[in-house]
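# Fold and geometry: a report
Take a look at the letters that make up each chain.
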Amino acid sequence: EAAAKAEAEAKAAAEQACDETLAGRNGEDYRGCQTKTRSGRTCQNWDSQTPHRHGNRKEAKGSAGNNYCRNPDGEPTIWCYTTDPNKRWEFCDPLPESSAEPEPEPEPEPEPE
């Protein structure tokens, strides 16, 4: 039953809306959905130990069950381990905030008669 409860909680957490605010000190409470580093590398899942072994899987800090940028250890900002075997980790920037209202479509040019 504990495993089912943990799975349900993980699923609920994964379905939460992404919050791209760099909340907390140095973004330690960031709970956004950025999965790329500043240089464009893909983040390694926090539950994975390949290609980089680490001890920073911390559910309370949001670094468990996903590959989102987080700051579980007091770095200057959010970061992640990368899937590049030659680059252990890199800083990230939050995803750009999507505007609430989409840009209006430009009016089509009238057809010449």
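A short tour of the structure in this document, coming up. (Residues numbered from 1 in each chain as written. Predicted model: local features only at pLDDT ≥ 70, side-chain atom pairs only at ≥ 80, totals over all residues. Heavy atoms only, no water.)

## Re the nonpolar core
How we decide: Among buried residues, the Ala, Val, Leu, Ile, Met, Phe, Trp, Tyr and Cys ones that are joined through side-chain atoms within 4.5 Å form a nonpolar core. Burial status follows relative accessibility: with a 1.4 Å probe on protein chains alone, a residue under 20% of its type maximum counts as buried, one over 50% as exposed, and anything between as partly exposed. Here a residue-residue contact requires only that any non-hydrogen atoms of the pair lie within 4.5 Å.
Counting nine residues, the largest nonpolar core consists of Tyr30, Cys43, Trp46, Cys69, Ile78, Trp79, Cys80, Tyr81 and Cys92. Dropping the residues within four chain positions of it, Ile78 is found in contact with Leu22, Asn26, Gly27, Tyr30, Cys69, Arg70, Asn71, Phe91, Cys92, Asp93 and Pro94.

## Here we look at the environment of Cys43
We count it as follows: Secondary structure counts use DSSP, requiring at least four H or I residues in a row for a helix and at least two E residues in a row for a strand, with both numbered from the N terminus.
For Cys43, the location among the structural elements is in the loop between α1 (2-15) and β1 (79-81). A relative accessible area of 2% places Cys43 in the buried class. On a C-alpha basis, the gap between Cys43 and Asn67 in space is 5.5 Å, while along the polypeptide they are 24 residues apart. In this view, Cys43 contacts Thr35, Lys36, Thr37, Asn67, Cys69, Cys80, Tyr81, Thr82, Thr83 and Cys92; residues no more than four positions away in its chain are not counted.

## Observations concerning the side chain of Gln34
To keep things clear, this is the line we draw: Residues adjacent in sequence count toward polar contacts only when both atoms are side-chain atoms; beyond that, a polar contact is any pair of N or O atoms within 3.5 Å, and within protein one must be able to donate a hydrogen and the other to accept it.
By secondary structure assignment, the location of Gln34 is in the loop between α1 and β1. There is a polar contact of 2.9 Å between the side chain of Gln34 and the backbone oxygen of Asp93. Among residues more than four places away in sequence, those in contact with Gln34 are Glu20, Asn67, Tyr68, Cys69, Cys92, Asp93, Pro94 and Leu95.

## Quick word on the side chain of Arg70
Examined against the element boundaries, Arg70 turns out to sit in the loop between α1 and β1. In this structure, Arg70 is in contact with Tyr30, Arg31, Gly32, Trp46, Lys61, Gly62, Ser63, Ile78 and Trp79, ignoring residues within four places of it in sequence.

## Remarks on the pattern of salt bridges
Short version of the rule: Salt bridge, as used here: a side-chain nitrogen of Lys or Arg that lies within 4 Å of a carboxyl oxygen of Asp or Glu.
Enumeration according to the criterion identifies five salt bridges in this entry. Between Asp93 and Arg38 there is a salt bridge, with its nearest N and O atoms 3.0 Å apart. Of this pair, Asp93 sits in the segment after β2 (89-91) while Arg38 is found in the loop between α1 and β1, placing the two residues 55 residues apart along the sequence. In this structure, Glu90 and Arg41 form a salt bridge, with 2.7 Å as the shortest nitrogen-oxygen distance.

## A closer look at unusual backbone geometry
Cis rather than trans, the peptide bond between Thr50 and Pro51 has omega equal to 5°. Within the element layout of this structure, Pro51 appears in the loop between α1 and β1.

## Some details on the packing of aromatic side chains
This is how it is decided: Aromatic pairs are defined between Phe, Tyr and Trp rings, using the six-membered ring for Trp, whenever the two ring centres lie within 6.5 Å; interplanar angles under 30 degrees are classed as stacked, those over 60 as edge-to-face, and all others as tilted.
With the rule as written, the count across this model stands at five aromatic pairs. Relative to Trp89, the ring of Trp79 lies with its centre 5.7 Å away and its plane at 70°, an arrangement referred to as edge-to-face. Taken as a pair, Trp79 in strand β1 and Trp89 in strand β2 lie far apart in primary sequence, ten residues in all. Trp79 sits in the buried class, given a relative accessible area of 2%. Judged by relative accessible area, Trp89 falls into the partly exposed class, the value being 31%. Connected via pairs of aromatic rings, a cluster forms that spans Trp46, Trp79, Tyr81, Trp89 and Phe91.

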